[in-house]
Amino acid sequence: MLPIGPYTLRNRWVLAPMAGVSEMPFRVLAFKLGAALCPTELVSSQGLMRLSPRTMRYLRHDKTYEKPYSLQIFGGEPEVMAKSAVVAKEQGAEIIDINMGCPVKKVTKTGAGSGLMCDPPRAGELVRMIREATGLPVTAKIRAGWDSANKNYLQMADVLGAAGVSALAIHPRTRAQGYSGSADWSCITALKKHVGSKFPVIGNGDVKTVADAHRMLETTGCDYVMIGRGALGNPWLFRQLNGGEGPTAEERCTVVLEHFRAHLKFVRGDFKPRRPDEYSPKRFERAAENAAVHAFRKHLGWYAHGLKNASIFRNDVNRLETAAEVLASCERFFLGAEADAREAEAEYDVDYRQALG
Ligand SMILES: Cc1cc2nc3c(=O)[nH]c(=O)nc-3n(C[C@H](O)[C@H](O)[C@H](O)COP(=O)(O)O)c2cc1C
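Reading the values: rules and limits
- Residues numbered from 1 in each chain as written.
- Predicted model: local features only at pLDDT ≥ 70, side-chain atom pairs only at ≥ 80, totals over all residues.
- Helix = DSSP H or I, 4+ residues; strand = E, 2+ residues; numbered from the N terminus.
- Rg over C-alpha atoms; globule rule 2.2 N^0.38 Å.
- Buried ≥ 20, exposed ≤ 12 C-beta atoms within 10 Å, placed from the backbone.
- Contact = placed C-beta atoms within 7 Å.
- Domains from an automatic or database assignment.
- Nonpolar A, V, L, I, M, F, W, Y, C, P; charged D, E, K, R; others polar.
- Axes fitted to C-alpha atoms, helices over the stretch in contact; angles between N-to-C directions.
- Parallel < 35°, antiparallel > 145°, perpendicular 65-115°, else oblique.
- Left-handed = near helix turned anticlockwise from the far one by under 90°.
- Pairing = 2+ DSSP bridges.
- Right-handed = clockwise from strand over helix to strand, strands pointing away.

Here's the deal with the overall build of the chain
Within the chain, the regular secondary structure consists of 16 helices and eight strands. Computed over the C-alpha atoms, the radius of gyration of the chain is 20 Å, within 12% of the 21 Å expected from 2.2 N^0.38 for a compact globule of 357 residues. If one aligns the C-alpha atoms of the chain with their principal axes, the spans along those axes are about 55 × 50 × 35 Å. Within the chain, buried positions represent 45% of all 357 residues. Across the chain, the fraction of contacts at a sequence separation of at least 24, relative to all contacts at a separation of at least 6, is 70%.

Describing the domain arrangement of the chain
What the domain assignment lists for the chain is domain 1 (13–241) and domain 2 (249–345). Between domain 1 and domain 2, the contact holds 11 residues from the first and 10 residues from the second. In terms of residue count, helix H1 (residues 24–32) provides more of the side of domain 1 that touches domain 2 than any other element does, five residues in total. Per-class residue counts for the side of domain 1 that touches domain 2 are eight nonpolar, one polar and two charged.

Points about the packing of helix H11 (residues 249–269) against helix H14 (residues 323–334)
Running from N to C, H11 and H14 cross one another at 165 degrees; their axes reach a closest spacing of 9 Å. Here H11 is positioned roughly antiparallel relative to H14, judged by the angle of their axes. H14 is crossed by H11, and the crossing has right-handed handedness. Only Ala323, Val326, Leu327, Cys330, Glu331 and Phe334 of H14 make contact with H11, whose side of the interface consists of Ala249, Arg252, Cys253, Val256, Leu257, Phe260 and Leu264. Residues belonging to the contact of H11 with H14 are distributed by class as follows: 11 nonpolar, no polar and two charged.

With respect to the pairing of strand S6 (residues 167–174)
Among the eight residues in S6, eight count as buried, and that is most of the element. Where burial is concerned, the two faces of S6 agree: the one with Ala167, Ala169, His171 and Arg173 and the one with Leu168, Ile170, Pro172 and Thr174 are both buried. The pairing of strand S5 (residues 138–145) with S6 spans six bridges and is classified as parallel. Across the sheet, residue threonine 139 finds its bridge partner in S6, namely alanine 167. For the segment spanning S5, helix H7 (residues 153–162) and S6, crossover handedness is right-handed. Viewed along the sheet, the connection from S6 through helix H8 (residues 185–195) into strand S7 (residues 201–204) turns out right-handed.

This is the structure:
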């Protein structure tokens, strides 16, 4: 297994960076259940320079479990990116991952995210300057290209390889495709063939099951498999990929509650009023709790995926306001929950833009 910079990972399974999802509590859970690498969601290089409160939230990590700690940054200007990567290193980052795939317009119009696919020399400059400024391994996550007429992932691999990238993750859809259609795994095969053992390739896209992950490894020859939506509500997938079992109803309930408690602590930890006099102390506590509960509702919906009466539970979840209500509702639903084949087949969409806010 090719290492990523100085890091020999314990297996081939990587949690995808997901805005609004891959926060510290979920990353820690994925690590505990067997993921080998869990990069953060995309963090703005401009925000890092200012160490804004919102950015500080993304920088929080747990050294006990997050080994190595990979921080994904986005931005279009090499100097700003290099300076912000130094800040990231000071805050504990051990790997800097550059987002070259985000399709959202407010990101691409600044030349960042998948906008970098249109300017390979600048993308290479980013990698080189960040490496030189930090001395850290630098990885990047790309798409197949901007659109079907411009699938330049092999050119990107050449440029980024020459700049010293330590690993390249590819989500083989074009920017124009967004999340529609299916990921074209033949790009992963071509990429791995092209770069050989120069650096590891992390394949990504549409892996939902253990069988999918093994099929990706076998058919494309990639070094690592990155899983995003397939891990939503199902972090046990990582344990199963390492030969372990899926959860019992009791364990599912315990883990959902563990995740919720960690999430509550995480949100409370940096909850701030918009104005100093916005809340009384008591009201402040309640507002922080409400914010945590609201942000956790999506996880509850995902955890219910594939279980009997999931749709009824999801309706109830949208009315939850307090931590006590979440705990009671989870115990009622998950402790007795049985698998349901029809629910398991139901597709559920995740809107990337919504997650980005
Ligand atoms: C809600 C959501 C948020 C995402 N945020 C990011 C992000 O911050 N950085 C990034 O590189 N990709 C992001 N992605 C893309 C995923 O990392 C991944 O490439 C994509 O979901 C395809 O993999 P999958 O089929 O396993 O989900 C996001 C995807 C989703 C669904």
